[in-house]
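Listed below are the residues making up each chain.
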Amino acid sequence: MFGIVSDLSRWAIPVVLLMVPLIAIFRKVNVFETFVEGAEAGFETAIKTIPYLVAMLVAISVFRASGALDILVEAFSPVLNLVGVPAEVLPHAVMRPLSGGAALGIATDIVKTHGPDSFIGRLVSTMQGSSDTTFYVLTLYFGSVGISRYRYSVISGLAADFTTLVASVYVCHKVFS
Amino acid sequence: MVNYIWFGMIAIGVLVAAFNGHIEVVTKAALDGAQFAVQTSIDLVAIITFWLGIMKLAEEAGLVRSLAGLVQPLTNFLFPSVPREHPAMGAIIMNLSANILGLGNAATPMGLIAMQELQKLNPDPKTASDAMCTFLALNTSCITLIPTTIIGIRLIYGSANPTEIVGTTIFATAAGMTVAVIADRILRSIYMQRR
């Protein structure tokens, strides 16, 4: 199963890269011109995200460096303990939606300290693999089209993150202990 | 809501730093954050430009429309406000497929293209539309078949079986995605009544 999926991942982009121009040529599209025409908007699209990302990443960076995030972790600990999350992985759970780099750093440190094949190591690996940097994604995607009112996206994103966390803990207990 | 979160992070951050007696970290952290943000956006230029070109080709060749048509029953349910065979659908499908396969580099440009297409259908360009909220709920909770980065780290630190977390990851992401879809539906109807 894993082999097939892994091959699929390796082949997906090369196949797309070959098939799209091939079918386009077959349908009499001017492939080079069309590619350039589409690619024209690339710079603008990427640059447009700068103010939004700066706003969000500055706030996250200040929040983290000041030590406020550590306080948040402690405040959340009793709640997360209730659903069976071991204390060692708490910082990762709280950090994950805010900062991808920091969460990966924590996960790496836990894997190194406890060993990749320990229960904690497997759990944090599952948590890292199954979750996304929700705030970063929202900021980037909404920012690229100039949207500043996110409505209920933050709530549904965090609800999903929390579910993923609980599901990771549950399934790791079932499979690994 | 994002206003309060943003203000809260900055205000609490500054206060905590002052209280802990290391107020100087705030200035450095702010600059570091800004620098990282600009770097990220600049890094995106190359990959977005490339995929926008490929997507334009796919669109002209009629591939985006046929892809959108292929998964129509599912997308009709998830995105009732987006017309059938709209180019947004093709981009959404490609973004989610790339996410599922763990191809982060391809997923982001596809996602930004999808947002541009959805923005064309949005009556209020400053406010997120229903379809955008649904798309982002799916995107941030998307099922992952291969978490490539963490498998690499497990390998580095000598795991006997680095890929043994693939199954548990699929389970956890499937649960998260289910809740994302349900939460999105419930919140959408709550917010609709408020308007």
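Scroll up to find the structure this text is about.
In this text, all values refer to a predicted model and were calculated from it rather than measured experimentally. (Residues numbered from 1 in each chain as written. Chains lettered and ligands numbered in written order. Predicted model: local features only at pLDDT ≥ 70, side-chain atom pairs only at ≥ 80, totals over all residues. Heavy atoms only, no water.)

### Observations concerning the overall build of chain A
Of regular secondary structure, chain A possesses ten helices and zero strands. Since a compact globule built from 177 residues should have a radius of gyration of about 16 Å, the 21 Å found for chain A marks it as more spread out than a globular shape. Seen through its principal axes, chain A has C-alpha atoms that stretch 60 × 40 × 30 Å. Counting all 177 residues of chain A, 54% fall into the buried class. Restricting the contact set of chain A to residue pairs at least 6 apart, pairs at least 24 apart contribute 64%. (Helix = DSSP H or I, 4+ residues; strand = E, 2+ residues; numbered from the N terminus. Rg over C-alpha atoms; globule rule 2.2 N^0.38 Å. Buried < 20%, exposed > 50% of the residue type's maximum accessible area, 1.4 Å probe, protein only. Contact = heavy atoms within 4.5 Å.)

### Here we look at the overall build of chain B
Across its full length, chain B carries nine helices and zero strands. Order of helices (α) and strands (β) in chain B, N terminus to C terminus: α-α-α-α-α-α-α-α-α. For the C-alpha atoms alone, the extent of chain B along its principal axes is close to 60 × 55 × 35 Å. The buried share among the 195 residues of chain B stands at 51%. Counting only contacts in chain B whose residues sit at least 6 apart along the sequence, the fraction spanning at least 24 positions is 59%. Surface accessibility of chain B: about 9000 Å² in total, with carbon and sulfur atoms responsible for 67%. With 11 positive and 11 negative side-chain charges, chain B shows a spacing of 7 Å between the two charge centroids. (Areas by Shrake-Rupley, 256 points an atom, 1.4 Å probe, with all protein chains shown as cover. Lys, Arg positive; Asp, Glu negative; His and termini not counted. Charge placed at Lys NZ, Arg CZ, Asp CG, Glu CD.)

### Here we look at the environment of Thr113(A)
Positionally, Thr113(A) belongs in helix 7 (residues 100-114). Along the backbone, Thr113(A) and Ala39(A) are 74 residues apart, and their C-alpha atoms lie at a distance of 45 Å.

### Points about the packing of aromatic side chains
Overall, the coordinates contain six aromatic pairs over all chains when judged by the stated rule. Geometrically, the ring pair formed by Phe35(A) and Phe50(B) is tilted, given 6.3 Å between the ring centres and 55° between the ring planes. Residue Phe35(A) is located in helix 2 (residues 31-39), and its partner Phe50(B) is located in helix 2 (residues 24-60); the two belong to separate chains. Using a relative accessible area of 23% as the deciding quantity, one classes Phe35(A) as partly exposed. (Phe/Tyr/Trp six-rings, centres within 6.5 Å; stacked < 30°, edge-to-face > 60°.)

### Concerning a nonpolar patch on the surface
Residues Trp11(A), Val15(A), Leu18(A), Met19(A) and Leu22(A) make up a contiguous nonpolar surface patch of about 500 Å² in total accessible area. With respect to the helices and strands, Val15(A) occurs in helix 1 (residues 2-26). (Patch = residues over 30% accessible without salt bridge, like charges linked within 9 Å, V, L, I, M, F, W, Y side chains within 5 Å. Salt bridge = Lys/Arg side-chain N within 4 Å of Asp/Glu carboxyl O.)

### Structural notes on the interface of chain B and chain A
On the chain A side, the residues contacting the 102 residues of chain B number 95 residues. Carbon and sulfur atoms supply 77% of the area that chain B and chain A bury against each other, a total of about 8200 Å² over both sides. Interface area lost by chain B to chain A is led by Met9(B), Leu57(B) and Thr140(B), which between them contribute 8%. Run the count over chain B and chain A and you get five salt bridges. (Buried area = accessible area lost by both parts, 1.4 Å probe.)

### Quick look at the pattern of salt bridges
Two side chains carrying opposite charge are able to pair once their charged atoms lie near each other. All names here are of chain B. Tallied over the entire structure, the rule returns nine salt bridges over all chains. Between lysine 120 and glutamate 117 there is a salt bridge, with the nearest N and O atoms lying 3.1 Å from each other. Of this pair, lysine 120 and glutamate 117 both sit in helix 6 (residues 104-120), separated by three residues, roughly a single helical turn. Classification of glutamate 117 as buried rests on a relative accessible area of 9%.

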